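# Structural overview for review
Each chain, written out:
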Amino acid sequence: INNPEKAKYVSGLKKGEGKYLEDGTWVQNTVSGKIPVVPDAVNLQREGLNVKVGVGQPAENYHLTRSTTNKAKEFVAGIGDYMITEAGTDTISKGHSNKKHYDGTAFDMSLQGEDSRDIDRLFNVMLEAKKAGLDAQYESKEKSVVDALNERIQVWNVQNKKNKLKPAANWPYAPHFSVYDN
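Counted residue by residue, strand β7 (residues 106-111) has six buried out of six residues, so it is predominantly covered. Every second residue of β7 is oriented toward a common face, with Ala-106, Asp-108 and Ser-110 on one face and Phe-107, Met-109 and Leu-111 on the other, all of them buried. In this sheet, β7 lies alongside strand β6 (residues 82-87) in antiparallel orientation, the contact comprising five bridges. Along β7, the bridge assignment pairs Ile-84 with Met-109. Bridging between β7 and strand β10 (residues 176-181) involves four bridges; their strand directions are antiparallel.

Our focus in this paragraph is the sheet that holds strand β8 (residues 134-140). Strand order across the open sheet formed by five strands is β6-β7-β10-β8-β9, with mixed pairing between neighbours. Of all strands in the sheet, those bounded by a partner on one side alone are β6 and β9 (169-170). Note: β8 against β9, two bridges, orientation parallel. For Ser-140, the partnering residue across the bridge sits in β9 and is Asn-170. In the packing of helix α2 (residues 66-76) onto the sheet, contacts are made with β6, β7, β8 and β10, and the angle to β10 comes to roughly 135°. Along the sheet, helix α3 (residues 119-131) contacts β7, β8 and β10; its crossing angle with β8, the most-contacted strand, is approximately 155°.

Given a rise of 1.5 Å per residue, 13 residues ought to cover 18 Å, and the 19 Å separating the end C-alpha atoms of α3 matches this to within 8%. Within α3 the residues assigned to the buried category are Arg-121, Leu-122, Phe-123, Val-125, Met-126, Glu-128, Ala-129 and Lys-130. Buried residues along α3 sit against α2, β7, β8, α4 (143-159) and β10. The opening residue of α3 is Asp-118, an N-cap whose side-chain oxygen sits 3.1 Å from the backbone nitrogen of Asp-120. One or two residues past the end of α3 sits Gly-133, with phi positive at roughly 85°.

A word on the side chain of Gln-137. Among the structural elements, Gln-137 can be located in strand β8. Within polar-contact distance, the side chain of Gln-137 engages the backbone oxygen of Pro-167 at 2.9 Å. Sequence-distant contacts of Gln-137, that is, excluding residues within four places in its chain, are made with Lys-166, Pro-167, Ala-169, His-176, Phe-177 and Ser-178.

About the cut-offs
- Residues numbered from 1 in each chain as written.
- Predicted model: local features only at pLDDT ≥ 70, side-chain atom pairs only at ≥ 80, totals over all residues.
- Heavy atoms only, no water.
- Buried < 20%, exposed > 50% of the residue type's maximum accessible area, 1.4 Å probe, protein only.
- Helix = DSSP H or I, 4+ residues; strand = E, 2+ residues; numbered from the N terminus.
- Pairing = 2+ DSSP bridges.
- Contact = heavy atoms within 4.5 Å.
- Axes fitted to C-alpha atoms, helices over the stretch in contact; angles between N-to-C directions.
- Expected span 1.5 Å × (residues − 1).
- Polar contact = N/O pair within 3.5 Å; in protein donor to acceptor, adjacent residues only side chain to side chain.

Have a look at this one:
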């Protein structure tokens, strides 16, 4: 950990463990060594949001700021079955490049169900995120899905110049959305 201030927050925590500081800030000692510091942290499972639970990733580790949590609750109400896979946490070894993943204003999620790669549903998720004050970017190693979704996004962005959607990205990861607070 190359940040001495953050390193003292997680002193004594094993990899994957997190805790609340006295002021209600959430911190976690992550797999990547990056330290999420989430002020005014809200536990997502306690707020009724679906979180992925696994070895080294208990439900109590998922946190966003209160403002982002409220937007997330509005957003997921219109997208069908989903699972939040990272929020105020980090389960990838190299970490995220966007700092919002470490300050409680971004989360990763995947859609569940047989239609989880349906272009209409993926596009609807992006629109629902916009309505809630969030930006959702689809990331997948499935180039054909990314290309088809980007065709829809391009048409939308031409017609909605002041309310553009982020293009989908062809990444070597399982299909998911990175969702960012504006």
